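Residue-level structure breakdown
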Amino acid sequence: LLHGGSFDSPETAEYARQHGLRYMPYVCSRTVTTAEIARSPQLKGAVVLKANGTEFLAYDNPVRRYGSLYQPAWPEYVRERTRKVWDLPDVAAIFYDNAFFAGEDHNPATVAAWKQWAQARGIDAAEDMPSVRNSPLAAAARAFTADSLTDYHRMLQQLALIHI
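Everything numeric here is computed off the predicted structure, so don't read it as measured data.

Points about helix H4 (residues 108–120)
Compared with an ideal rise of 1.5 Å per residue, which puts 13 residues at 18 Å, H4 spans 18 Å between its outermost C-alpha atoms and is within 8% of the ideal. Within H4 the residues assigned to the buried category are Thr110, Val111, Ala113, Trp114, Trp117 and Ala118. Along the long axis of H4, the arc covered by the buried residues comes to 160 degrees, so they all point the same way. Exposed side chains of H4 directed beyond 90 degrees from the buried face belong to Pro108, Gln116, Gln119 and Ala120.

Below, the structure written as C-alpha cells:
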C-alpha cells in the first residue's frame, strides 16, 4: 500500500495497480488547522476546549486543534474528508491518523454527552467533564472517552463499508 500522497493521474494509478501497488490515503480524523477552520466556519465551535474555555492546541502546535466528537460539525467534516479521498484514483483503504486524544474535552456538547453517559450508568456526574488523570471520576471519564472513540470510529468504519 502507498500511504499518503496521491497518484498524479488515472493512468499512473492503473500502472501502479497492475504492478500490485494500492493507494491508502491519509485522513486526519481528529485534528484540523486554523486555516481549515477559517475556510469552514462551522468548525469554529467544533473543537476541543480546555476547562477555561480556550481551544486545546493539538500537539502544542499553535495552528492545530482537535475536533470535538460531540459537535455535529466535526464528524460531518471528517465524513466529507473521507468522501473526497474515496474519489481519488484506485483507493484501496484509508488511513485515519490522529485517532486518539488523551485529554478531556470541555466543549459544551461533550459535557452534555458525558452527563448523559454517566447518568445512564448510575454515576453522579460532575458539573463539567472530569479529568481523565486525577479526579475521583477519572476511570469513568476514561471509559466515556473509550466509548466515544469506539462509536466515532464505528461510524467511520460504516462510512468506509459503503465504498467497498
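More follows now that the structure is in view.
A few points about unusual backbone geometry
Phi angles above zero are rare outside glycine, and Tyr59 is one such case at about 55 degrees. Relative to the helices and strands, Tyr59 is located in the loop between helix H2 (34–39) and strand E5 (64–66). Residue Tyr59 is classed as partly exposed on the basis of its relative accessible area of 46%. Of note in the backbone geometry, Asn98 takes a positive phi value of approximately 55 degrees without being a glycine. With respect to the helices, strands and loops of the structure, Asn98 is situated in the loop between strand E6 (95–97) and H4.

Quick word on the pattern of salt bridges
Think of it this way: side chains of opposite charge can pair up when their charged atoms draw near. In this structure the tally under the stated criterion is 9 salt bridges. Across the pair Glu14 and Arg17 runs a salt bridge, and its minimum N-O distance is 2.5 Å. Highlighted residues: Glu14 and Arg17, both in helix H1 (residues 10–18), separated by 3 residues, approximately one helical turn. Using a relative accessible area of 30% as the deciding quantity, one classes Glu14 as partly exposed. Arg17 sits in the partly exposed class, given a relative accessible area of 33%. For the salt bridge of Asp151 with Arg154, the shortest nitrogen-to-oxygen distance reads 3.3 Å. With Asp151 and Arg154 both in helix H5 (residues 138–162), this residue pair falls 3 residues apart, about one helical turn. For Arg154, a relative accessible area of 43% gives the class partly exposed.

Focus on the environment of Pro108
As for its placement among the helices and strands, Pro108 is situated in helix H4. We classify Pro108 as exposed; its relative accessible area is 57%.

What to know about the nonpolar core
In this structure, Val32, Leu43, Trp74, Val78 and Ile94 are the most contacted members of the largest nonpolar core, which totals 24 residues. Elements that contribute at least two residues to this core include exactly H1, helix H3 (73–86) and H5. The element contributing the most residues to this core is H3, with 5 residues. Not counting chain neighbours up to four residues away, the residues in contact with Ile94 comprise Met24, Pro25, Val27, Thr82, Val85 and Trp86.

Some thoughts on the packing of aromatic side chains
Counted by the stated rule, this structure contains 10 aromatic pairs. Here the aromatic rings of Phe56 and Phe101 are separated by 4.9 Å at their centres, their planes lie at 75 degrees, and the arrangement is edge-to-face. With Phe56 in the loop between H2 and E5 and Phe101 in the loop between E6 and H4, this pair connects stretches of sequence that are 45 residues apart. Overall, the relative accessible area of 28% leaves Phe56 in the partly exposed class.

Basis of the calculations
- Sequence order as written defines residue numbering, which begins from 1 separately in each chain.
- pLDDT decides what is reported in this predicted model: residues at 70 or higher carry local features, side-chain atom pairs at 80 or more are listed and counted, and totals for whole chains, interfaces and linings draw on all residues regardless.
- Water and hydrogen atoms play no part in the side-chain values, which are based on all heavy atoms of the structure.
- Counting from the N terminus, the helices are DSSP H or I runs at least four residues long and the strands are E runs at least two residues long.
- Expected helix span is taken as 1.5 Å per residue step, with the number of steps being one fewer than the number of residues.
- Buried, partly exposed and exposed residues are distinguished by accessible area as a fraction of the type maximum, computed with a 1.4 Å probe on protein chains only: under 20%, between the cut-offs, and over 50%, respectively.
- Working note: the arc is built from the helix axis to C-beta atom directions.
- One speaks of a salt bridge when a side-chain nitrogen belonging to Lys or Arg is within 4 Å of a carboxyl oxygen belonging to Asp or Glu.
- Side-chain atoms within 4.5 Å link the members of a nonpolar core, which is a set of buried Ala, Val, Leu, Ile, Met, Phe, Trp, Tyr and Cys residues.
- Note on contacts: a residue pair qualifies if any of its non-hydrogen atoms lie within 4.5 Å across the two residues.
- To pair, rings of Phe, Tyr and Trp, with the six-membered ring standing in for Trp, must have centres within 6.5 Å; the planes then decide the type, stacked if under 30 degrees apart, edge-to-face if over 60, and tilted in the middle.

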